[in-house]
Each structure stands twice: as C-alpha cells, then as structure tokens.
Amino acid sequence: YIALLLMMPFLRAMVKGMEEEDFRYLIAGYVLMFGVVPCLEFCLWKGSVTIHESFNPILFMTPNIFYALVGYYLEHHRQTGERRIGLGIVLSVAALAVTCFMTHYQTIVVGECSPEQLEQFFNCFICIPAMTLYDIMKCVGEKIRSARLKKILPVLGGTVFGIYLIEKFSRALTDYVYVLTAPILGSFVASLIWVFAAFAVSFVVVVGMKNVPVIKKMVNKFI
C-alpha cells in the first residue's frame, strides 16, 4: 500500500488520460498474462518452461497497480446494469471453475503439494469475481433507501483501511477459533468462521481507536 501511495501522482495522471478502450485493454492483458499464460505453461510443460523474465509488462503483472486502475475505471467510467452483472457472474463462475481445475490438475501432476504450491493458481483469475462483486455492491448501494442503512454503511466503510492494516494480527489472535471448530465443522467452514472472527475483532479495535478522545483525531486523519 505504501508503494502504491508513492506512485499515486503518476497513476492519477495516467487514469485521467485513459479512455474506455484503454481500460479494457488493461483488463484483457492482465487476465491473459496473469491468468491464461501461467495455466497454459503448466498444462503444456508442467511448469518447467516459462516466459523469459525480461518480458514482464508491469501493468499486466503487478496486482497493486492493476486493481488501483481498475477500481478507478469501475467507479468513474463503467456503467453497472443487470445484464453486465449477469455476464460478470457467469464469467466469475467460469474463472473459479478453471482455478479449481488447475489446482486439482496440479495435485495430479505434482502429487502432494505444499500450501504455497497449491496457491499457485488462486489469484490467476480472481480479478473477474472481484470486479463482479464490485459491480453488484455498487448497484445494490445505489438502490438503498433506508436511512438507518445509510448511517451504518459509512461506519463500516470507514473501518476498511484500518481492518486491512491489522487483519494479520487479528488472525493470529483468533486462530483458536479455527482450532476449536475445525474438528467439528470441517476445515472450510471453520476457516470462514475464523475469517469473520478476525474481521469482528479488527472492526471493534478500529472503531474503538476512532472514538478514543486522545488519539481519534490522528486515527481519523489516516484511517
């Protein structure tokens, strides 16, 4: 995030001059270079042959920059609609299916894999469901009429950056949740409960810091 902030003046100047076609090219290039190419390399050569490291189009290969630019595009350029969201859902299901297939295929080819190896394809196509979820939440948000919800949502949104900063610590503090629930509910459900527990702890900490008289001014300025 700090690296992204350092590059922000250049990125702001870049997005102001980018057109709809430029953003589409960015997304297509990212999916191709970050998703399709690694999958094809593994399917064809089992990971033993890859594109030379000197061929590395930065905007297509650096997630931090890509998601910042696409976030701007989704918020300020692209119009959301039911048809576009429906297409996004279909593509998201396809992206997750390909990810599952590649992970399964990897275990067949490689055999027993370490956790790091199993995550090789996790992020290849994650940008597709991420953009779809953004569109869905933006569309839902535009239709909210409840005054109570309009008060609650800014509070939740105002804690996102703070949660992002401390979630690793919260996960470490709440790991006992997974240890207790995994034998009963299974690893997947236990992981979801652990995630929500870590989120809840982070939320309480951030909201608390935002309301402590001595430090709230500084915290509210940066978080």
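Definitions and cut-offs
Residue positions are given per chain, counting from 1 as you read along its sequence in written order. Reporting in this predicted model follows two pLDDT cut-offs: at least 70 for local features of residues, and 80 or more for side-chain atom pairs to be given and counted; totals over whole chains, interfaces and linings ignore these cut-offs and use all residues. As a convention, hydrogens and water are excluded, and side-chain values are obtained from all of the structure's heavy atoms. Comment: elements are numbered from the N terminus, with helices defined as DSSP H or I runs of at least four residues and strands as E runs of at least two. Think of it in three bands: residues with accessible area under 20% of the maximum for their type are buried, residues over 50% are exposed, and the middle band is partly exposed, with areas taken using a 1.4 Å probe on protein chains only. Residue contacts are counted whenever heavy atoms from the two residues lie within 4.5 Å of one another. The protein chains shown are the only cover counted for residues, whose accessible areas, like all others here, come from Shrake-Rupley with a 1.4 Å probe. Positive charges come from Lys and Arg alone, negative charges from Asp and Glu alone, with His and the N- and C-terminal ends not counted. Just so you know, the charge point we use is NZ for Lys, CZ for Arg, CG for Asp and CD for Glu. Note on terminology: a nonpolar core comprises buried Ala, Val, Leu, Ile, Met, Phe, Trp, Tyr and Cys residues joined through side-chain atoms within 4.5 Å. Only Phe, Tyr and Trp rings take part, Trp by its six-membered ring, and two of them pair if their centres are within 6.5 Å. Stacked means planes under 30 degrees apart, edge-to-face means over 60, and tilted covers everything else. Distance and chemistry together define a polar contact, namely a pair of N or O atoms within 3.5 Å, with one atom able to donate a hydrogen and the other to accept it when in protein, and with adjacent residues in sequence counting only for side-chain atoms on both sides. A pairing counts as a salt bridge when a side-chain nitrogen of Lys or Arg comes within 4 Å of a carboxyl oxygen of Asp or Glu. Working convention: axes come from line fits to C-alpha atoms, limited for helices to the stretch in contact. Angles between N-to-C directions cover 0 to 180 degrees. By the definition adopted for this analysis, an angle is roughly parallel if under 35 degrees, roughly antiparallel if over 145, roughly perpendicular if from 65 to 115, and oblique otherwise. By the definition used in this description, the sense in which the near helix is turned from the far one sets the handedness, with an anticlockwise turn below a right angle giving left-handed and a clockwise turn giving right-handed.

Topic: the overall build of the protein chain
Scanning the protein chain for helices and strands turns up 12 helices and zero strands. By principal-axis analysis of the C-alpha atoms, the protein chain measures approximately 60 × 55 × 35 Å. Taking all 223 residues of the protein chain together, 27% fall into the buried category. Restricting to contacts in the protein chain with at least 6 residues of sequence separation, those with at least 24 account for 71%. Approximately 15,100 Å² of the protein chain is accessible, and the part contributed by carbon and sulfur atoms is 70%. Taking the average location of the 19 positive side-chain charges in the protein chain and that of its 15 negative ones, the two points are 14 Å from each other.

Some words on the nonpolar core
One finds Ile27, Phe66, Val70, Phe125 and Cys127 to be the most contacted residues of the largest nonpolar core, which totals 29 residues. Elements with a contribution of two residues or more to this core: helix H1 (2–16), helix H2 (20–45), helix H4 (63–76), helix H5 (82–110) and helix H7 (127–142). Counting residues per element, this core draws most heavily on H2, at 10 residues. Every residue in contact with phenylalanine 66, bar those within four places of it in the chain, is listed here: Leu26, Ile27, Tyr30, Leu59 and Cys127.

Here's the deal with the packing of aromatic side chains
All chains considered together, the criterion is met by 12 aromatic pairs. Judged by centre distance (4.8 Å) and plane angle (15°), the ring pair of tyrosine 30 and phenylalanine 34 falls under stacked. Of this pair, tyrosine 30 and phenylalanine 34 are both found in helix H2, four residues apart, which corresponds to roughly one turn of the helix. Through a chain of ring-to-ring contacts, the aromatic side chains of Tyr30, Phe34, Phe66 and Tyr67 assemble into a single cluster.

Considerations on the side chain of threonine 159
Within the fold, threonine 159 resides in the loop between helix H8 (147–157) and helix H9 (160–173). The contacts of threonine 159, once residues within four sequence positions are left out, are Phe203, Val206 and Val207.

Quick look at the side chain of serine 92
Position of serine 92 among the secondary structure elements: in helix H5. For serine 92, the side chain forms a polar contact with the side chain of threonine 132, separated by 3.0 Å. Residues in contact with serine 92, not counting those within four places in the same chain, are Ile128, Pro129 and Thr132.

Considerations on the pattern of salt bridges
Enumeration over the complete set of coordinates arrives at three salt bridges. Close ionic contact of arginine 24 with glutamate 20 constitutes a salt bridge, the shortest N to O distance being 3.3 Å. One end of the pair, arginine 24, and the other, glutamate 20, are both in helix H2, four residues apart, so they sit about a helical turn from each other. Classification of glutamate 20 by relative accessible area gives partly exposed; the value is 22%. The salt bridge involving arginine 171 is made with glutamate 167; its shortest N-O contact spans 2.8 Å. Highlighted residues: arginine 171 and glutamate 167, both in helix H9, separated by four residues, approximately one helical turn. Given the relative accessible area of 35%, arginine 171 is considered partly exposed.

As for the environment of glycine 35
On the secondary structure map, glycine 35 appears in helix H2. The exposure class assigned to glycine 35 is buried, which follows from its relative accessible area of 0%. Beyond its immediate chain neighbours, meaning those up to four positions away, glycine 35 contacts Tyr30, Cys124 and Phe125.

Re the packing of H2 against H5
At their nearest, the axes of H2 and H5 sit 11 Å apart, and the two run at 30° to each other. Judged by the angle between their axes, H2 and H5 are roughly parallel. In the packing of H2 onto H5, the handedness of the crossing is left-handed. Residue-level contacts link Cys39, Phe42 and Cys43 of H2 to Met102, Tyr105, Gln106, Val109 and Val110 of H5.

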